[in-house]
Amino acid sequence: RFAWQTSMTTMVASTTSSMFATRIAVKPRQHRATTTRAAIDPSLAPPTTRVPPRNPEGCPTVPPQDLASRPRRNRRSPTVRKAFRETILTPDNFIYPIFVHEGDDNIPIGSMPGQERLSFKNGMLKKVREARAAGVNQIVVFPKTPDNLKTPCGKEAFNPNGLAQRSISLLKDTFPDLEVYTDVALDPYNTMGHDGMVRSDGVIMNDETVYYLCKQAVSQARAGADVISPSDMMDGRVGALRQALDDEGFTNVSIMSYTAKYNSAFYGPFRDALASAPRPGSEDWKIPKDKAEYQMDPANYRECLREAALDEAEGADIMMVKPAGAYLDIIRALRDSTTLPISAYQVSGEYSMLKAAVAAGYLNERDAVLESLIGIKRAGADLTLTYYAIDAAKWLQEGN
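In short, a report on the structure. (Residues numbered from 1 in each chain as written. Predicted model: local features only at pLDDT ≥ 70, side-chain atom pairs only at ≥ 80, totals over all residues. Heavy atoms only, no water.)

So, the layout of surface pockets
Next, step 1: Considering only enclosed or pocket space, the largest pocket measures out at about 750 Å³ in volume.
Next, step 2: In terms of lining, the largest pocket is formed by 22 residues, of which the most central are Arg85, Thr87, Leu89, Ile374 and Leu396.
Next, step 3: The set of elements that each furnish at least two residues to the lining of the largest pocket consists of α2 (78-83), α11 (365-379) and α12 (389-399).
Next, step 4: Ranked by residue count, the leading element in the lining of the largest pocket is α11, at 7 residues. (1 Å grid on protein atoms, 1.4 Å probe; cavity = no way out; pocket = protein on both sides within 12 Å on 5 of 7 lines; lining within 4 Å. Points joined across faces, edges and corners; volume = space filled by probe spheres on them. Helix = DSSP H or I, 4+ residues; strand = E, 2+ residues; numbered from the N terminus.)

Observations regarding empty space enclosed by the protein
Rolled over the atoms, a probe sized like a water molecule indicates the empty space that remains.
Next, step 1: Inspection of the entire model under this criterion finds 3 cavities of 30 Å³ or more.
Next, step 2: Looking at the largest cavity, its volume works out to about 130 Å³.
Next, step 3: Together, 15 residues line the largest cavity, and Asp187, Lys261, Phe270, Lys291 and Lys322 are the ones closest to its centre.
Next, step 4: If you list the elements that add at least two residues to the lining of the largest cavity, you get β9 (254-261) and α7 (268-274).
Next, step 5: Class assignment of the residues belonging to the lining of the largest cavity gives a composition of 5 nonpolar, 3 polar and 7 charged.
Next, step 6: The space that makes up the second largest cavity amounts to roughly 50 Å³.
Next, step 7: Along its surface, the second largest cavity is lined by Tyr96, Pro97, Ile98, Phe99, Gly114, Gln115, Glu116, Leu118 and Lys127.
Next, step 8: Those elements that provide at least two residues to the lining of the second largest cavity are β1 (94-101) and β3 (116-119).
Next, step 9: The biggest single contributor to the lining of the second largest cavity is β1, with 4 residues. (Nonpolar A, V, L, I, M, F, W, Y, C, P; charged D, E, K, R; others polar.)

So, the environment of Thr48
Next, step 1: With respect to the helices and strands, the residue Thr48 is situated in the loop between α1 (2-24) and α2.
Next, step 2: At 3.0 Å, the side chain of Thr48 and the backbone nitrogen of Arg50 are in polar contact. (Polar contact = N/O pair within 3.5 Å; in protein donor to acceptor, adjacent residues only side chain to side chain.)

What follows is the structure in structure tokens.
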């Protein structure tokens, strides 16, 4: 029986390989009696005012290659290229991240040229109006929590009158059809700068953190959030959040899970914007210097499939990969493993690198940015969180 199975397996593999080779093989052209093709006779064409193109001086005269297929025919003009374009980028694909603070004025973020901490009172609504005018109607809110409100356990995260909650409410009151995403994690509210509570031996506490994340998510839903986005990478948080939201009647509030969030070096400017980087520890209270204990190892691929299977089973509506540019293979892996929408975050470090290269004159900003965003979508992302959302949307409109 084993020998029969082995024989059949070999036969199927051989047949499949042969069929595949037959499909992709280019059949040779039939031999022609002459190797010289007749020149195009202009007298056989109707009269025209078009001037024939000229070859550059020194161009050799050679017979045309005998090719049945010339892929360049499908790239010969802007009209043809646009007709056959496989990946179409539109402002509908973008989510614009905004940083909000309590002050009266916007504050430029030094490590992110062109981005600001927006004033809750003034700047936030103005910036969102600009985004909507460009066709971007999805935003995610990141609050800059005052230091005096931060605590070891991050209780400000679920303050019903907190900055995040007030920002969500004001945005939905002003723009009812705006799709508002939120961030669910404790690092903006935690004195130790981690997404979860930190025990004295440096361990990030999982289940206790999830308990507070549920309270945070419900408070955001009450404020009017359309999509809550857990970025914490705690185990079991998607299922717990779904249950907490449903128990409070928020069955229509979606969950965009940070499914494959890597312990990346590209987050530096973001942490500068929110002053949320991990703090130094002490002998009495150890604080991990990075987030490797709960965020994914950049070297790992298969692990993302495990995380995706868990998030989907627990009720995620959208699954995210973060960062985007260095993890296009992960975006494709999730795209191929699920029917759920996939989002990707072009993070602060990616944005700042592009800005630096543009400032140095090394890159054309418009072309490089749009190419990077096309690459993210081509890899499989339905949505892209990008600080270039407004600029990219305007460039796309100009192109049309």
